[in-house]
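Survey of secondary and tertiary structure
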Amino acid sequence: MLAPVQSLFDQSTLTDRAERLVKAAIAAGADAADAVAVRGLSQSIEVRDGQVEESESSEGDDLGLRVLIGKRQAVVSTNDTASDGFQVLAERAVAMARVAPEDKFAGLADPAQLTHEFPDLDLIDCNLPTVAQLEAMARQAEEAALAVKGVAKSGGASASAGIGGMVLVTSHGFRGAYLGSSHSVSAMAIAGEGTGMERDYDYSSTRHASDLDNPQSIGRSAGERAIARLNPRKVTTRKVPVVFDPRVAGSLVSHLAGAINGSSIARKTSFLRDKMGAKLFADGIRIIDDPLRKRGLRSHPFDGEGVAGKKLALIDDGVLTTWILDCATARELGLTTTGHASRGVSSSPAPSASNLHMEAGKVSPEDLIADIKDGFYITDLIGSGVNGVTGDYSRGASGFWIENGKRTYAVSEVTIAGHLIDMFKNLTPANDLVFKYGINAPTIRLEGLTVAGT
């Protein structure tokens, strides 16, 4: 069994250890300190051709300590949470901090910024499945994929579940903890034969098992996607409207988030570094970061510095309204943190987005492409050819050609190219937004990208 043991959901022991670690750091000479305790438990099963190919299980707690002496800081971590070596660990961290270079922006969050109210975000499903149940889900997904006419073989199917969470304790009075569960099922199918084989996949990942797509639908979708990719054609190079399927549309939101990350802005390595307040998108477009969304895959009641999360419009009516900031980057830029600090046990806080989404537009996906006589509908992107400094965009892609407003034959081995500022400006979202991933967007149409083929 995946061990729905009540003690796994009780973080009081972890909180006590984090508190002891912070006290040990202050006793060892630190001016300030914070400690993070992270709990993780997971079980996954993968099947292929009806046989269990892999079964993995992991369980553990980790502790991290950050100490500050003036503007010098150091971070140490350990997975030996059962020992009584907190004093030794704290002394080591303090010794490291004494010889570390000064960072004039380092420090804990201002006490006035700390939250002491923790909303219930419904992140935990205490009824974790057994290993046998996970295996049954993976088998159902694979069987459904293989049942699709034309599917030649399985690329494997898997199911997993687990819990994870963190405790944060600081020397200036913050105490907080949260825990969340995760459930997922996936399948990959292979169609065709010889050099004409094509593969595709589908998956579902949620906080609660009851929200998962059923394994049969995941397998069937993977099979149908693989079949649709058979006999792809190449196209000649041209400039046409390009449509991003929701499965890949979120990547455009991700590129925006990377460009407005406080670290990139402070280092002057972002093509948007001078665009605060600029109109980057068309009227009506909003891109939201919401760490407080109930059952969200990236939801949390506080950030890695104890600052309250809040729903924030990064883009409002097409206008860039904010950077994504933690306390250090906010100090460097002369601003206030937006509550986006992310923290691991072995690193100091850094800014990172949470649940991101582009709000739905007003037209259906069918109407969005109805007037396209010649265009490209993208279902998969390959590579990472995006330059965050210049905004230049070039990625491999596959999908389907659009003719007279309809998706037609499969297309592969092409490259799409443009510049992100132009892409943002000429972007239209459809009305089919579904919250399925950590970053979500509806079907998106962009005008005038270069599709490079033969």
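Presented here is an overview of the structure given in this document. Note that the coordinates shown come from a computational prediction; the quantities given were computed from them, not determined experimentally.

Reading the values: rules and limits
- Residues numbered from 1 in each chain as written.
- Predicted model: local features only at pLDDT ≥ 70, side-chain atom pairs only at ≥ 80, totals over all residues.
- Heavy atoms only, no water.
- Helix = DSSP H or I, 4+ residues; strand = E, 2+ residues; numbered from the N terminus.
- Rg over C-alpha atoms; globule rule 2.2 N^0.38 Å.
- Buried < 20%, exposed > 50% of the residue type's maximum accessible area, 1.4 Å probe, protein only.
- Contact = heavy atoms within 4.5 Å.
- Phe/Tyr/Trp six-rings, centres within 6.5 Å; stacked < 30°, edge-to-face > 60°.
- Pairing = 2+ DSSP bridges.

Some remarks on the overall build of the protein chain
Per the secondary structure count, the protein chain includes nine helices and 19 strands. A globule of 454 residues ought to have a C-alpha radius of gyration of about 22 Å, and the protein chain, at 24 Å, matches this closely. Considered along the principal axes of its C-alpha atoms, the protein chain spans approximately 70 × 55 × 35 Å. Put simply, the protein chain has 454 residues, and 50% of those count as buried. In the protein chain, the proportion of contacts linking residues at least 24 apart, taken out of those at least 6 apart, comes to 73%.

Some remarks on the packing of aromatic side chains
Tallied over the entire structure, the rule returns eight aromatic pairs. Arranged with centres 6.0 Å apart and planes meeting at 90 degrees, the rings of Phe118 and Phe174 form a pair that is edge-to-face. Taken together, the positions of Phe118 in the loop between helix 2 (86-99) and helix 3 (131-146) and Phe174 in the loop between strand 4 (151-170) and strand 5 (175-191) put the pair 56 residues apart, joining distant regions of the chain. Classification of Phe118 as partly exposed rests on a relative accessible area of 37%. Relative to Phe302, the ring of Phe174 has its centre 5.1 Å away and its plane inclined at 70 degrees; by these criteria the two rings are edge-to-face.

A closer look at unusual backbone geometry
At Asn231, a residue that is not glycine, the phi angle is positive and equals roughly 55 degrees. Within the element layout of this structure, Asn231 appears in the loop between helix 4 (215-228) and strand 7 (238-244). The phi angle at Asp317 is positive, at roughly 55 degrees, despite the residue not being glycine. Within the secondary structure, Asp317 sits in the loop between strand 9 (312-316) and strand 10 (319-320). A residue is classified by how much of its surface remains accessible, and Asp317, at 39% relative accessible area, is partly exposed.

A word on the pairing of strand 4
With 15 of its 20 residues buried, strand 4 lies for the most part within the structure. Pairing of strand 1 (residues 32-48) with strand 4 involves 14 bridges; the strand directions are antiparallel. Each bridged residue has a counterpart across the sheet, and for Glu46 the counterpart in strand 4 is Ser158. Bridge count between strand 4 and strand 5: 17 bridges; the pairing is antiparallel. Across the sheet, Ser158 pairs through a bridge with Ser186, a residue of strand 5. Linking two consecutive strands that pair antiparallel, namely strand 4 and strand 5, is a turn of four residues; a positive phi of about 105 degrees is found at Gly173 within it.

Coordinates in, geometry out; function isn't part of it.
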